Amino acid sequence: MIELAPHHKRGLSLANPVMNASGLLGFADEYRGLIDFSRLGAFVTNALTARPRTPAHPPNAIPLPNGVLIHTGLPNPGVRAAIRQYDREWQRLGPPVIVHLAATTPEDVRRSVEHLDLAEGVSGVELGLRDDVSVEETEHVIRAALGGPPVIVRLPTLRAAELCEAAARAGADALTVGAPMRTSPPGPLSRSQSARPGEGESKDDGDGQKSKGRFYGPEVFPMALEAVRAVVGAMQASPLPIIGAGGIFSEENARAILSAGAAAVQVDAAVWVDPAFLSRVAEAMATL
Amino acid sequence: MRQFTLGVAEIATSGGQIYVRCGGGLEVTAAPGQFYLARADIATQPFLRVPLYLFHTQSGGPEFFVDPAHPYAALEPGDTLDLVGPCGRGFSLPPRAAHLLLVAGTLERLHSLAHLALERHFAVTLLLPPDAPLPSLPLDVEIQRGTLTAHLAAWADLIAADVPDPLTLAQQARLLRLSPPPGFVQAVITPIMPCGVGACQACWVEIGHHRKRACVEGPVFHL
């Protein structure tokens, strides 16, 4: 068993080091019939917020030769409605359910965690930090999340080493290293590869700038691996369990992240490319 | 919904259109307008899976229909397709309808609907843009070129559309046809759909005053 929250009174034990990343598999069992959830170490939900959020208008999925750029606006029904809608499914799903909570404001996070603490199907909370979060904000928002289920803090890939000690200081039980990087599409935007009019075009935010999105693809992996190594190095004095994430598209990628010192891995867009990959890599990592 | 593989047995071309015939052994079904998300180990495979529309299932195996611009126009016999599906909701032919008007520049996503309608003895008319290439279709299908007219709107019991601006087409249809029957305009709307199961939240489209996920609540929408 892998313990992700050794100092938390409830703990968070995983039978397998492989789970999905937030934003990939939906809120509950959308991938029913395609993924064997019982093989996973944990199931991580799409992002929830204290209040409901509508989709970005329009949402963007821009296929690129080496990956995909996605901007959704994190649509979700809000924490309370999500608990009403999904808690029974979370209890039935099999592996521990980790609810991903977007770290908006400390007050929203505190209220959300109070609700999540009452949900029987929730085993942990993953707090997703913004790319531009300050060290001070990081500490405030993590402290607001304490007192309920174990708290995993998802750090932006390129700032993971900078923020990891603040996260530990504030009381995080574990760290996810390797949030999808927000970026703009390279060059002038072209239409999608499907070449259908109107598809795949990025939104203009009104200020003449292209909107940003989360980039998924195998090219993220070297940066994710480097970030895991940097955080493991920075946390030697007071180590926390680390979940490595970003661009894992092969069993070798998953092994490399675990060898670098991570306790678990999150698989992202490889699931869209091949849903069976998640179960396959979980099976392979189970024998390590 | 399942994930499975099929071998490509034959590629046939007719009237500039490409038919991908696969080997048998698996039951593959889809309503017209439903799709499979496909992946093939070929150079033209994009990063994400590609929607693939079932033409029909012969006794020998399923057959898919793709446009010449589709990445799978480069498939060859012996290639393998990895499929996830069937995804989404397809077209519905109202029980008392008898006249189907197809409005499209390409038939990739309407081909199987045309054939199903002919099997059910519908009168089928295809309305093509003036410059669109003439597709290969059964002789029973009447082909017209131009824009939607009052005459066509009055004739049709159902308009099935695959056009760049389906909302404008639906608006025109409502102006030209008073008291249209329910489901009068059904249009296929396909933004990029990374997951096909409603998980990734990337394919929301605005239909009237509602937002819907194209991969699970579409790609065929009643407008």
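Because the structure is a prediction, the values reported are computed rather than measured.

How each quantity is defined
Residues numbered from 1 in each chain as written. Chains lettered and ligands numbered in written order. Predicted model: local features only at pLDDT ≥ 70, side-chain atom pairs only at ≥ 80, totals over all residues. Helix = DSSP H or I, 4+ residues; strand = E, 2+ residues; numbered from the N terminus. Buried ≥ 20, exposed ≤ 12 C-beta atoms within 10 Å, placed from the backbone. Contact = placed C-beta atoms within 7 Å. Axes fitted to C-alpha atoms, helices over the stretch in contact; angles between N-to-C directions. Parallel < 35°, antiparallel > 145°, perpendicular 65-115°, else oblique. Left-handed = near helix turned anticlockwise from the far one by under 90°. Nonpolar A, V, L, I, M, F, W, Y, C, P; charged D, E, K, R; others polar. Core = buried A, V, L, I, M, F, W, Y, C linked by C-beta atoms within 7 Å. Domains from an automatic or database assignment.

With that settled, the discussion passes to the overall build of chain A. In terms of helices and strands, chain A carries eight helices and 14 strands. Counting only residues that meet the buried cut, chain A has 52% of its 288 residues in that class. Excluding contacts between residues fewer than 6 apart, the proportion of contacts in chain A whose partners are at least 24 apart in sequence is 70%.

Residue and element names in this part refer to chain A. The N-to-C vectors of helix 2 (residues 106–118) and helix 3 (residues 135–145) enclose an angle of 20 degrees; their axes lie 7 Å apart at closest approach. Taken together, the axes of helix 2 and helix 3 lie roughly parallel to each other. Crossing angle aside, the handedness with which helix 2 passes helix 3 is right-handed. In contact with Pro106, Val109, Arg110 and Val113 of helix 2, helix 3 contributes His140, Val141, Ala144 and Ala145. The class makeup of the residues in the contact of helix 2 with helix 3 is six nonpolar, one polar and one charged.

All right, on to the nonpolar core then. Ranked by internal contacts, the top residues of the largest apolar core, which has 174 residues, are A:Leu127, A:Leu175 and B:Leu102. Sequence-distant contacts of A:Leu175, that is, excluding residues within four places in its chain, are made with A:Ile152, A:Val153, A:Leu155, A:Cys164, A:Ala167, A:Val231, A:Leu240 and A:Ile242.

Turning to the environment of A:Thr287, a few remarks are in order. Tracing the backbone shows A:Thr287 in the segment after helix 8 (276–286). Measuring from C-alpha to C-alpha, the distance between A:Thr287 and A:Asn16 comes to 9.3 Å, with 271 residues separating the pair along the chain.

Residues and elements named next belong to chain B. What the domain assignment reports for chain B is domain 1 (2–87) and domain 2 (88–223). Contacts between the two partners involve 23 residues from domain 1, matched on the other side by 24 residues from domain 2. Sorting the residues of the side of domain 1 that touches domain 2 by element identifies strand 3 (35–40), strand 5 (54–58), strand 6 (61–66) and strand 7 (80–87) as the ones contributing at least two each. Of the residues contributing to the side of domain 1 that touches domain 2, the split by class is 14 nonpolar, eight polar and one charged.

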